[in-house]
Amino acid sequence: MEKKTLVLGATTNPARYANIAINRLTRNNIPTVAIGLRKGEVAGVKIENEKIPFEDVHTVTLYLGPPRQKEYYDYIISLHPDRVIFNPGTENPEFYRILQENGIEVEVACTLILLSTKQY
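Residues numbered from 1 in each chain as written. Predicted model: local features only at pLDDT ≥ 70, side-chain atom pairs only at ≥ 80, totals over all residues. Heavy atoms only, no water.

With that out of the way, let us pick up the pairing of strand β4 (residues 45-48). Bridging between strand β2 (residues 32-36) and β4 involves 2 bridges; their strand directions are parallel. Looking at the pairing, A34 lines up with I47 of β4. Here strand β3 (residues 40-42) pairs with β4 via 3 bridges, running antiparallel. For E41, the partnering residue across the bridge sits in β4 and is K46. (Pairing = 2+ DSSP bridges. Helix = DSSP H or I, 4+ residues; strand = E, 2+ residues; numbered from the N terminus.)

This paragraph deals with helix α1 (residues 17-27). A18, N19, A21, I22 and L25 are the residues of α1 that are buried. Down the axis, α1 shows its buried residues gathered within 160° of arc, on one side only. Residues Y17 and R27 are exposed on α1 and point more than 90 degrees away from its buried face. Looking at the buried side of α1, the elements it contacts are β1 (5-10), β2, β3, β4 and α5 (111-116). At the C-terminal side of α1, N29 shows a positive phi close to 60°. (Buried < 20%, exposed > 50% of the residue type's maximum accessible area, 1.4 Å probe, protein only. Arc of directions from axis to C-beta. Contact = heavy atoms within 4.5 Å.)

Another point: the sheet that holds β1. The 7 strands are arranged β3-β4-β2-β1-β5-β6-β7 in an open sheet whose pairing can be described as mixed. Pairing within the sheet leaves two strands with one partner each, and these edge strands are β3 and β7 (105-108). Across the sheet, the mean angle separating the axes of adjacent strands is 25° when strand polarity is ignored. On the sheet, α1 packs against β1, β2, β3 and β4 and is oriented at approximately 160° with respect to β1. (Axes fitted to C-alpha atoms, helices over the stretch in contact; angles between N-to-C directions.)

A regular strand carries its side chains on alternate faces of the sheet. Counted residue by residue, β2 has 5 buried out of 5 residues, so it is predominantly covered. Burial along β2 is two-sided: T32, A34 and G36 facing one way and V33 and I35 facing the other are all buried. For β1 and β2, the ladder comprises 5 bridges, and the chain directions are parallel. Note on β2: the bridge partner recorded for L8 is I35. The handedness of the β1 to β2 crossover, carried by α1, is right-handed. (Right-handed = clockwise from strand over helix to strand, strands pointing away.)

Turning our eyes to something else, we now look at the packing of aromatic side chains. Scanning the entire structure with this criterion turns up 4 aromatic pairs. Aromatic side chains Y73 and F95 sit 4.1 Å apart centroid to centroid with 10° between the ring planes, which places their arrangement in the stacked category. With a gap of 22 residues between them, Y73 in helix α3 (residues 73-78) and F95 in helix α4 (residues 93-101) connect regions that are remote in the sequence. Relative to F95, the ring of F86 has its centre 5.9 Å away and its plane inclined at 80°; by these criteria the two rings are edge-to-face. Through a chain of ring-to-ring contacts, the aromatic side chains of Y73, F86, F95 and Y96 assemble into a single cluster. Sitting over the face of the ring of Y72, K51 holds its NZ or CZ atom 5.1 Å from the ring centroid. The ring of Y120 has R83 sitting right over it, with the charged end atom 4.5 Å from the ring centre. (Phe/Tyr/Trp six-rings, centres within 6.5 Å; stacked < 30°, edge-to-face > 60°. Lys NZ or Arg CZ within 6 Å of the ring centre and 35° of its normal.)

This is the structure in structure tokens:
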């Protein structure tokens, strides 16, 4: 099964991990969508700046710190992803609980490492 992934906190800045993640996801042929503060494009993936109701999202990978995540709680739950990956610096026990109560798997990990070790 393809694990369509939403990169939340996407950026066109090539020095940022969210940008590197988009590049690696696409290189691994994983369907990717993205939301960031500003519109743009990375590796052929359009970065949206609104909460688009994407369909069939398997994984949400977070690149937003806990204070910025709050505004996305309901949005992420509305997408019904199978899992949410909390990359380093995004750890948020409050959100873990909310996701688990909604039947969504919580994974505290690094998307880049999961991809490089074939555990994605």
